[in-house]
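The lines below spell out each chain.
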Amino acid sequence: MSWLRNMRGKAGSEAREHQAAAARPSSKAISMPAVDWSGLRESIPAAPSAGERAQRERELGRACAAHRQSPLPGDAPGVWTEAVCYANDKAAATQWAARLEGDASLAEAAARCRFAEVRLAAVRRISDLAVLKQLADSSREKDKHVYRHCTDALRAHRQSGERARRAAQLALDLRALLDARPVAVSRLLQIEKEFAVLGEDKQGLAECADLVAQAQACVLAETRAQIGLRARLAAAEALRSDVAGAESPSRMNLEAWRRRYTDIAEEAAGAPAWLAKFPATRELAHALRDIESRLAALVQDLERATEREKVLASLPPVEQPAPKTPKPATREVDHAGVQRSLDELERHLEDGRLADADGVASRIEQAIDGAAPRGPLARRWQRARAQLMRLHGWARWGTDQAREHLIADAQALLHSAPGIDERASAVPALHKEWKRLDAHGPAAKPLWERFDKALEEAYRPVRELRTAEALRHEAARAAKAALCDAWEAWLAEFSVAPPDYRALAAKRDEITAKWRAGAMAGFRDERKLRKRLDALLKRIDVQVEEAQAKEIARREQLLAAAEGLRDAPDIARAVNEAKSLQSRWKDEAGVVRLRHGAEQTLWQRFRAACDAVFARRDAERTAQAAQREQRMQALQDEKRARDLKRREEQEIELLRKARHANRFALMAEKAARADPSVNPSVAAVALEQGRARRAALLIDLEIALELPTPETDAAARRARSLVRLQDRFRGNSTAPQDPEAMVAQWYAVAAMPDAEQTMRMAAIVQRLLERTR
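Caption draft 1: Looking closely at the confidence of the model for the protein. The share of residues in the protein with pLDDT of 70 or more is 83%, and the mean pLDDT across the chain is 77. Within the model, pLDDT remains below 50 along residues 1–31, and this stretch shows four contacts once partners closer than five positions in the same chain are excluded. Segment residues 317–330 is flagged for pLDDT under 50; beyond a separation of four residues in sequence, or across chains, it makes zero contacts in the model.

Laid out in structure tokens, this is it:
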């Protein structure tokens, strides 16, 4: 409800301001008294103390505000501040506030000025955080705009400091990341996310942005270096395969292989040093050693072969007999088979199936094999060949037209703006169609060059995209491979250390979370990496499942023990054992975490068994409480009966005391009739004697009732006590007289009124009333 109090306070303050303004006399109606401005200004430097000087500056500022006179440029800051705070004109206050300098003066104006706009303008010019903090504390619940600006400025400063601190930490992390090659891609991705959270403050984050760009460039260069390493390894494997399978290569082949080997070795020598930790580098070095040794062996074989040829060339030639020329054997043509083939060829020609016709014509030529058929068969064969040649001519013309259309489609694909997927599917389709047309004959070189150039240009965005994807896939593969290496190393260390299955389960969750958060590698790489991950997770799951089985067995034992307490005869012992089982359930819990469903099921069964024991205890306690309540009710009934009896006895006692009091009052009333003022016939001497008699009776009553005697009659009491003691020793003692009878005698004696005796008799009567209980 602070807003309601603020609203009421604001409304009350506005009402008071309106009342004060209404009560304040108008400057038009009443003229202001003249002010000695020069005297006021001259009195400020002459002030005897700093406090007096500040007081005079405030008086001058208030006078300027009252007369709407602007302070002079040479006036002290206190004059300007006071004029702004007491100004009645908003325009003047705004103009004067613009001349204020110093955070202290601005804070004073922001706290005391009458106009909210001037206060807000003043607080916006304050830069000192301590002043803003103090002003925020003072303006709370008073000026929400000033308070909001102060808190926003302080919060922005704190956030800026935190951002700068975090940026510095990220810069340190990035430098450390750049120093350790190769760059850890997973850590770089995490830093990039944290850097994106910091915002777009270019001044404070420029260094971090440069370092992030350097790290990204390093990752790209490292990815390319790894791709180059794999390319060199593939080239080395191919060269090793070539030289390993060669039996007697020529010198030209050896020189070509040597050049290839030199190129691969030079590229490997110029590779970064950090590539040495990769297995591919070791495989490449091994392949180069094999190639070098094989090339050396082949060179030695070639030199030995050359020497052998030189030796053979130096020997004289050996004459050999001229070979006999054999007669060519006549070959018979299978006229029936050729006729069947001609029938099939003519059918294909009639249907226009050129490829099938070419196959049958080739089969006929193989069947003839240089021999010429005779008669009508030869003429049919000549006609079929002529028709086949004509069909080939028409096919070449149609194929060229189709190739022109394909070139037009490729150029249209180049100049249009289709999507990447459309380009990726259209270019192979055009290539496939061109190859299909090659079955009718090869294309002219200019046509092929036009078609190939158009397709190359059209396929360039696809190639660039796939190259970028390959780089991303390689970076993701390297990152996930590094994660797998780290996780496998961690699991190997975990296997030799004391098992902490809770940490193992948490590590499994962390592994799956990081794997899902990482980028996807290529299909094959992702499949291989996934197999590594599955094997790693399976090893973790086996250990966790074994520990979970042990933990379930332990909890089943506790559960069986708890269920056995349901019908235990000794409920107190059963409750203690149930509490002990609960402590064991919690304290002896293993470091492995069960699956949520299994753990909840076991816990609910165990809790139900323990609750049954506690329910028996509560039922017994309820029955015992009911019995105690019955006993307490009986005791309360007895107490109420005793209280009732005591009250009745008290009432009887009060009645008895009242009866005694009435009797004593009646005695006093009778004694009052012996007063001389009531019965003047009684002589004064008799009254004096009665007073002495009464005094003696009072002493006897005080001795009998063990009441104190006044100091004036102390000697008489001692004498009376001595007489009684002497009578007791002589054996002349008589039975003690009843105090109530003595009181009756006292009241029966006529005597002069005596206030002291009356007070002593009142004490005696009170004692008698107390003795009647």
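So that's the structure; there's more coming.
Caption draft 2: Summary view of the packing of helix α4 (residues 77–86) against helix α5 (residues 90–97). Across the interface, α4 lies against α5 with an axial gap of 8 Å and an inter-helix angle of 155 degrees. On the basis of their axis angle, the class for α4 and α5 is roughly antiparallel. Between α4 and α5 the crossing geometry is left-handed. Contacts between α4 and α5 involve W80, A83 and V84 from the former and A93, W96 and A97 from the latter. For the contact of α4 with α5, the class distribution of residues is six nonpolar, no polar and no charged.

Caption draft 3: Broad picture of the nonpolar core. One finds V84, V123 and I126 to be the most contacted residues of the largest nonpolar core, which totals 31 residues. Among the elements of the structure, α3 (50–66), α4, α5, α6 (103–112), α7 (116–124), α8 (129–139) and α9 (144–179) are those that each provide at least two residues to this core. In this structure V84 touches A93, W96, A97, L100, A109, C113 and V118, once residues within four positions along its chain are discounted. Counting 21 residues, the second-largest nonpolar core is a separate cluster that includes A171, F195, L211 and V219.

Caption draft 4: Broad picture of the environment of L60. Note that L60 resides in helix α3. For L60 and D75, which are 15 residues apart along the polypeptide, the C-alpha to C-alpha distance reads 9.4 Å. Each residue touching L60, except ones within four places of it in the same chain, is listed here: W37, L40, R41, I44, D75 and V79.

Caption draft 5: Examining the side chain of D103 more closely. For D103, the position within the fold is in helix α6. R125 provides the closest opposite charge to the buried, salt-bridge-free D103, at an N-O distance of 7.8 Å. Polar side-chain contacts of D103 include one of 3.1 Å to the backbone nitrogen of D128. Residues within four places of D103 in sequence aside, it is in contact with R125, I126, S127, D128 and V131.

Caption draft 6: Quick peek at α4. Counting buried residues in α4 gives seven out of 10 residues, a clear majority hidden from the surface. In the core, the buried residues of α4 are packed alongside α3, α5, α6 and α7.

Each value, and the rule that gives it
- Residues numbered from 1 in each chain as written.
- Predicted model: local features only at pLDDT ≥ 70, side-chain atom pairs only at ≥ 80, totals over all residues.
- Heavy atoms only, no water.
- pLDDT = per-residue confidence, 0-100.
- Contact = heavy atoms within 4.5 Å.
- Axes fitted to C-alpha atoms, helices over the stretch in contact; angles between N-to-C directions.
- Helix = DSSP H or I, 4+ residues; strand = E, 2+ residues; numbered from the N terminus.
- Parallel < 35°, antiparallel > 145°, perpendicular 65-115°, else oblique.
- Left-handed = near helix turned anticlockwise from the far one by under 90°.
- Nonpolar A, V, L, I, M, F, W, Y, C, P; charged D, E, K, R; others polar.
- Core = buried A, V, L, I, M, F, W, Y, C linked by side-chain atoms within 4.5 Å.
- Buried < 20%, exposed > 50% of the residue type's maximum accessible area, 1.4 Å probe, protein only.
- Lys, Arg positive; Asp, Glu negative; His and termini not counted.
- Salt bridge = Lys/Arg side-chain N within 4 Å of Asp/Glu carboxyl O.
- Polar contact = N/O pair within 3.5 Å; in protein donor to acceptor, adjacent residues only side chain to side chain.

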